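Structural description and commentary
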Amino acid sequence: MQRPTVQRLSLLAVVILATVLRVYQLKDLPAGLFCDEAGLGFNAHTIATAGMDENGNHFPLFFWSFGVSYKNPVYIYAAAIPVKLLGLDEFSIRLTSALFGIGTVIGIFFLGRALFNPWVGLFSAVFLTLCPWHVHFSRIAFELISFPFLFVIGATFLVRFTQGQRRLARAMFFFGLCVYAYQIANLFVPLFLLGFGILYLPDLLRRWRESLLAFVVLAATLAPAGIFHYRHQQLSTQYFHNTTTLRPGEPIWPQAQRLILYYQEFFSRSFLLENGDPIGRHAVRGFGELLPVSIPFAILGAIVALFRRERASKLVLWWLACYPVA
């Protein structure tokens with residue numbers, strides 16, 4: 001059997017495993033809908049049946065929900081399809097998360113293949129398939145699961161651009177879509193692209209026509225969100241005010257110390273391997289965010305990425321450095 005055939009069959013087996021882990025008894029595990037799941041599901045239902053959100057707004061760009069904050073459109077509009085086809089229940093609401101999760105497993109294969117080779121892509125897909133945090137968020141209707149799906153696609157196109165292909169505009173389109181998926185993208189994606197811009201500035205200048213087109217695509221993708229947030233400034237900042245650790249009027253040094261402490265906790269043994277997120281609905285009890293077996297491979301991968309001559313592998317390290325910031 002030829003190697004490409006073995007790789008395709010191996011990827012198919014991984015995708016089947018990822019599907020089983022994310023769809024089996026999806027309606028009942030975990031038990032009960034959290035209020036965010038209910039809010040997303042209800043808005044998906046009203047969009048699918050009446051073309052409006054819970055407040056009677058027709059096809060809104062962002063969804064004001066439960067009088068608390070805006071919910072992002074990617075998950076809700078995507079969930080409208082299974083909710084319409086299967087009816088409104090726990091399974092149809094969560095199925096969108098499972099599909100985004102399965103899609104990300106496939107996407108990480110192509111990203112690993114682009115960065116290194118198909119076998120690295122396959123191992124990446126296996127680890128993501130079994131990763132506790134990803135399995136967990138693929139089985140609950142939280143909008144954040146759509147963010148890694150879109151980001152991985154954008155990152156894959158970005159790597160292909162660094163290898164000479166005309167993929168930069170496509171990458172910017174998917175990075176732009178990330179801000180419609182999850183609030184954290186508003187900070188993480190610009191920071192990631194800043195690192196990319198510094199690393200590849202000579203290439204961006206040399207291929208200036210493609211760079212200009214990519215900038216136009218990114219600006220056009222972000223423009224509706226920018227206009228919306230400008231027109232709804234008070235409500236659009238509600239999520240930030242509800243979650244930020246920054247405190248107006250407090251001296252800078254105590255805030256900096258707190259941010260450094262929180263940043264370090266994202267790389268702690270407790271978070272990664274033992275207990276996961278302290279918020280119960282954001283983690284699997286008794287598990288960290290990663291399986292212990294993945295740590296040696298993560299360290300090895302970081303070392304290889306650090307010493308490889310190819311600059312694209314440095315984007316993985318920058319991604320790793322940026323991930324706790326938001």
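Look up: the structure comes first, before these words.
In this convention, every chain numbers its residues from 1, walking through the sequence in written order. Only residues with pLDDT of at least 70 are given local features in this predicted model, and only at 80 or more are side-chain atom pairs given and counted; all residues enter the totals for whole chains, interfaces and linings. In computing side-chain properties, one takes all heavy atoms of the structure into account and sets aside hydrogens as well as water.

**A look at the overall build of the protein chain**
Operational definition: Numbering goes from the N terminus for both helices and strands, where a helix is a DSSP run of H or I of at least four residues and a strand is a run of E of at least two. Atoms counted for the radius of gyration: C-alpha only. Globule rule: 2.2 Å times residue count to the power 0.38. A 1.4 Å probe rolled over the protein chains alone gives each residue an accessible area, and that area as a share of the maximum for its type sets the label: buried under 20%, exposed over 50%, partly exposed in between. Note on contacts: a residue pair qualifies if any of its non-hydrogen atoms lie within 4.5 Å across the two residues. For the accessible areas, the method is Shrake-Rupley and the probe is 1.4 Å, while residue cover comes only from the protein chains on display. Positive residues here are Lys and Arg, negative ones are Asp and Glu, while His and the chain termini are left out of the count. Where a charge lies is defined by one atom per residue type: Lys uses NZ, Arg uses CZ, Asp uses CG and Glu uses CD.
Along the protein chain, the regular secondary structure elements total 17 helices and two strands. On C-alpha atoms alone, the protein chain measures out to a radius of gyration of 20 Å, which is about the 20 Å that the 2.2 N^0.38 rule sets for 326 residues. By its C-alpha atoms, the protein chain is 55 × 50 × 40 Å across when sized along the principal axes. Counting across all 326 residues of the protein chain, residues that qualify as buried make up 41%. A separation of at least 24 residues holds for 66% of the contacts in the protein chain among residues at least 6 apart in sequence. Accessible area for the protein chain stands at about 17200 Å²; split by element, carbon and sulfur atoms hold 69% of it. Distance between charge centroids for the protein chain: 14 Å, based on 26 positive and 16 negative side chains.

**Let's talk about the pattern of salt bridges**
Just so we agree on the cut-off: Every case where a carboxyl oxygen of Asp or Glu lies within 4 Å of a side-chain nitrogen of Lys or Arg is listed as a salt bridge.
Applying the stated criterion to the full structure yields eight salt bridges. Ionic pairing is found between Glu37 and Arg94, a salt bridge with its closest N-O pair at 2.8 Å. Placement of the pair is Glu37 in helix 2 (residues 35–50) and Arg94 in helix 4 (residues 90–115), with a sequence separation of 57 residues. Two residues, Arg258 and Glu250, come together in a salt bridge whose shortest N-O distance is 3.0 Å. Note on Glu250: relative accessible area 23%, which makes it partly exposed. Within the structure, one salt-bridge network assembled from shared partners comprises Asp203, Arg206 and Arg311.

**Re the nonpolar core**
The criterion, for reference: We define the nonpolar core as a collection of buried residues of types Ala, Val, Leu, Ile, Met, Phe, Trp, Tyr and Cys that are connected through side-chain atoms lying within 4.5 Å of one another.
In terms of nonpolar packing, the biggest core is built from 63 residues, with Phe147, Phe151, Leu158, Met172, Phe175 and Val189 touching the most fellow members. What Phe147 contacts, discounting residues up to four positions off in sequence, is Cys178, Ala181, Tyr182, Ile184, Ala185, Phe188 and Val189. Counting residues in each nonpolar core, the second largest holds seven residues, with Trp64, Tyr70, Val179 and Tyr180 among its members.

**Concerning the packing of aromatic side chains**
To be explicit about the condition: Aromatic pairs are defined between Phe, Tyr and Trp rings, using the six-membered ring for Trp, whenever the two ring centres lie within 6.5 Å; interplanar angles under 30 degrees are classed as stacked, those over 60 as edge-to-face, and all others as tilted.
The final tally for this structure, using the stated rule, is 28 aromatic pairs. Ring centres of Phe147 and Phe151 lie 6.1 Å apart, and the angle between their planes is 70°; on these two criteria the pair is classed as edge-to-face. Here the residue Phe147 and the residue Phe151 both occupy positions in helix 7 (residues 146–162), the gap between them amounting to four residues, near one helical turn. For the pair formed by Phe147 and Phe151, the shared burial category is buried. Taking 5.3 Å as the distance between ring centres and 50° as the angle between the ring planes, the aromatic pair formed by Phe151 and Phe175 counts as tilted. With a gap of 24 residues between them, Phe151 in helix 7 and Phe175 in helix 8 (residues 168–178) connect regions that are remote in the sequence. Neither Phe151 nor Phe175 differs from the other in exposure class; each is buried.

**A few points about the packing of helix 7 against helix 17 (residues 312–322)**
Let me state the cut-off plainly: Fitted lines through C-alpha atoms give the axes, limited to the stretch in contact for helices. The angle between two N-to-C directions lies from 0 to 180 degrees. Roughly parallel means an angle under 35 degrees; roughly antiparallel, over 145; roughly perpendicular, 65 to 115; everything else is oblique. Under the convention adopted here, Pro, Cys and the residues Ala, Val, Leu, Ile, Met, Phe, Trp and Tyr are nonpolar, Asp, Glu, Lys and Arg are charged, and Gly plus all remaining residues are polar.
Where helix 7 meets helix 17, the closest approach of the two axes is 10 Å, and the angle between their N-to-C directions is 150°. Comparing the axis directions of helix 7 and helix 17 gives the class roughly antiparallel. Where helix 7 approaches helix 17, its residues Phe151, Val152, Leu158, Val159 and Thr162 are matched on the opposing element by Ala312, Leu315 and Trp319. Among the residues making up the contact of helix 7 with helix 17, the classes are represented as seven nonpolar, one polar and no charged.

**What about helix 4?**
Stated formally: Under the convention used throughout, the expected extent of a helix is 1.5 Å for every residue step, that is, one less than its residue count. Here the bend at a residue means the angle between the axes of two seven-residue stretches, the one that ends at it and the one that starts at it.
Across its 26 residues, helix 4 extends 38 Å between first and last C-alpha, which sits within 8% of the 38 Å expected from 1.5 Å per residue. Thr96 marks the point of greatest bend in helix 4, at about 25°. With 20 of its 26 residues buried, helix 4 lies for the most part within the structure.

**A word on a nonpolar patch on the surface**
Selection rule: Residues form patches when they are more than 30% accessible in relative terms and have no salt bridge. Like charges link within 9 Å. Nonpolar side chains (Val, Leu, Ile, Met, Phe, Trp, Tyr) link within 5 Å.
The grouping of Leu187, Tyr263, Phe267, Leu320, Tyr323 and Val325 at the surface amounts to a nonpolar patch, some 480 Å² of accessible area in total. With respect to the helices, strands and loops of the structure, Leu187 is situated in helix 9 (residues 185–199).

**Thoughts on unusual backbone geometry**
Backbone phi values are negative for most residues with the exception of glycine, while trans is the configuration of most peptide bonds. Leu29 connects to Pro30 through a cis peptide bond whose omega is 0°. Looking at the secondary structure, you find Pro30 in the loop between helix 1 (3–23) and helix 2. Non-glycine residue Gln25 carries a positive phi angle of around 50°. Mapped onto the secondary structure, Gln25 falls in the loop between helix 1 and helix 2. Even without glycine at this site, Phe59 takes up a positive phi of about 40°.

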